[in-house]
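An overview of the molecular structure
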Amino acid sequence: MTGRTTRLLAIVEEALETPACERKRFLDEACGNDTDLRRDAQRMLEAGLSDDAFLQPLVRRQPDEDLAVGSRLGPFTIVGRLGAGGMGAVFEAEQESPRRHVALKIVRGALLSPSALQLFQYEIEALGALNHPGIAQIYQAGIHVDESAAIPHELPWFAMEVVHDARNVLQHAQERQLDRRARIEMMLGICDAVSHGHEKGIIHRDLK
């Protein structure tokens, strides 16, 4: 995936989470003088805004929480729920083979539109291009057909490295009682990971 595509994806995802009254200003600032980028972002948003199947699973509908501990999704057994974001819910799961614990990210919602599936595919490709010790590794991706629902529907998912007891940088520094030198070394490591993403054409707009 090109750097322009990943930038477009990031802008569209953030625009979807921006209040409608502020969306135009956000797009103007995010796209700057790149009129082609502004046009493509607007087209993607207009396609989504006219399609409830696109918006509901990504923004308005809270990711489903019906994946109880012990339930199955393909080769995974759900261990617990880790959280949710703009693209879906994240669960901790145990993978059958190889046997390991993973973070399983799922886009929920009935009958996802082609636009939503394309956004999800973009994210998978972007993550798959990264290879850095400071960035969680993606393992596997696919689409599970949920036959148990009243209307069978697709659940796109990807499994990636799970980070237990994750902390933001301030919490980590305080809990470990890091001195100034250790804090600077930690930030240098973070900057190196971010730089790796930039080299792959990926800009993370929500670093924790």
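Counting starts from 1 at the beginning of each chain's written sequence and moves along it residue by residue. Selection of residues for local features in this predicted model requires a pLDDT of at least 70, selection of side-chain atom pairs for listing and counting requires 80 or more, and totals for whole chains, interfaces and linings are taken over all residues. Note that water and hydrogens are dropped before the side-chain values are worked out from all heavy atoms of the structure.

**Remarks on the overall build of the protein**
Put simply, the test is: Helix numbering and strand numbering both begin at the N terminus, where a helix is a DSSP run of H or I of at least 4 residues and a strand a DSSP run of E of at least 2. For the exposure calls, accessible area comes from a 1.4 Å probe over protein chains only, and a residue counts as buried if that area is under 20% of its type's maximum, exposed if over 50%, partly exposed in between. Should any heavy atoms of two residues lie within 4.5 Å, those residues are considered in contact. We get accessible surface area from the Shrake-Rupley algorithm with a probe of 1.4 Å; when it comes to residues, only the shown protein chains can shield them.
When you go through the protein residue by residue, the secondary structure sums to 7 helices and 6 strands. Helices and strands in the protein line up, N terminus first, as α-α-α-α-β-β-β-β-α-β-β-α-α. Taken over 208 residues, the protein has a buried fraction of 37%. Of all intrachain contacts in the protein linking residues separated by at least 6 positions in sequence, the fraction that spans at least 24 positions is 53%. With an accessible surface of roughly 12200 Å², the protein has 50% of that area assigned to carbon and sulfur atoms.

**Let's talk about the side chain of Thr18**
Mapped onto the elements of the fold, Thr18 is located in the loop between α1 (3–16) and α2 (20–31). By relative accessible area, Thr18 is classed as buried at 13%. Not counting residues within four places of it along the chain, the set of residues in contact with Thr18 comprises Arg23 and Phe26.

**Some words on the packing of aromatic side chains**
Quick note on the threshold: Between the rings of Phe, Tyr and Trp (Trp by its six-membered ring), a pair exists once the centres lie within 6.5 Å; its type follows the angle of the planes, with under 30 degrees stacked, over 60 edge-to-face, and the other angles tilted. Only Lys NZ and Arg CZ are tested; either one counts as a charge over a ring when it is within 6 Å of the ring centre and within 35 degrees of the ring normal.
Counted by the stated rule, this structure contains 1 aromatic pair. Between Phe76 and Trp157 the ring centres are 5.0 Å apart and the planes differ by 75 degrees, which places this aromatic pair in the edge-to-face class. Taken together, the positions of Phe76 in strand β2 (residues 76–85) and Trp157 in strand β6 (residues 153–161) put the pair 81 residues apart, joining distant regions of the chain. There is no split in this pair, since Phe76 and Trp157 are both buried. Over the ring of Tyr139 we find Arg100, and its NZ or CZ is 3.8 Å from the ring centre.

**Quick look at the confidence of the model for the protein**
Applied cut-off: What pLDDT reports is the predictor's confidence in each residue, on a scale of 0 through 100.
Summary statistics for the protein give a mean pLDDT of 78 and a share of 75% for residues scoring 70 or more. Predicted confidence in the protein is weakest over helix α4 (residues 52–60), with a mean pLDDT of 41, and strongest over helix α7 (residues 180–199), with 92. A low-confidence stretch, residues 50–65 (pLDDT under 50), is modelled with 41 contacts involving residues beyond four sequence positions or located in other chains.

**Quick word on unusual backbone geometry**
At the junction of Ser97 and Pro98, the peptide bond is cis and its omega measures out at -5 degrees in the coordinates. Relative to the helices and strands, Pro98 is located in the loop between β3 (88–95) and β4 (100–106). A positive phi is found at Asp165, a non-glycine position, where the angle reads about 50 degrees. Unlike most non-glycine residues, Gln177 shows phi in positive territory, near 55 degrees.

**Digging into the nonpolar core**
Defined as follows: By convention a nonpolar core is built from buried Ala, Val, Leu, Ile, Met, Phe, Trp, Tyr and Cys residues, the set being connected through side-chain atoms within 4.5 Å.
Counting residues in hydrophobic clusters, the biggest one holds 16 residues, and the most contacted among them are Leu8, Ile11, Val12, Phe26, Leu27, Ala41 and Leu45. Among the secondary structure elements, those contributing two or more residues to this core are α1, α2, α3 (35–49) and α5 (114–128). Counting residues per element, this core draws most heavily on α1, which supplies 6 residues. In this view, Leu27 contacts Ile11, Ala15, Gly32, Arg38, Ala41, Gln42 and Leu45; residues no more than four positions away in its chain are not counted. Counting residues in hydrophobic clusters, the runner-up holds 13 residues, among them Leu67, Ala93, Val102 and Ile106.

**Things to note about the pairing of β3**
Note the cut-off: The pairing criterion is simple: DSSP has to find at least two bridges between the two strands.
For β3, the tally of buried residues reaches 6 of 8 residues, placing the bulk of the element in the interior. Summarising the sheet, β3 and β4 pair through 7 bridges and their orientation is antiparallel. The partner of Ala89 across the bridge, within β4, is Ile106. Taking the residues that link successive antiparallel strands as the turn, the β3-β4 hairpin has 4 residues.

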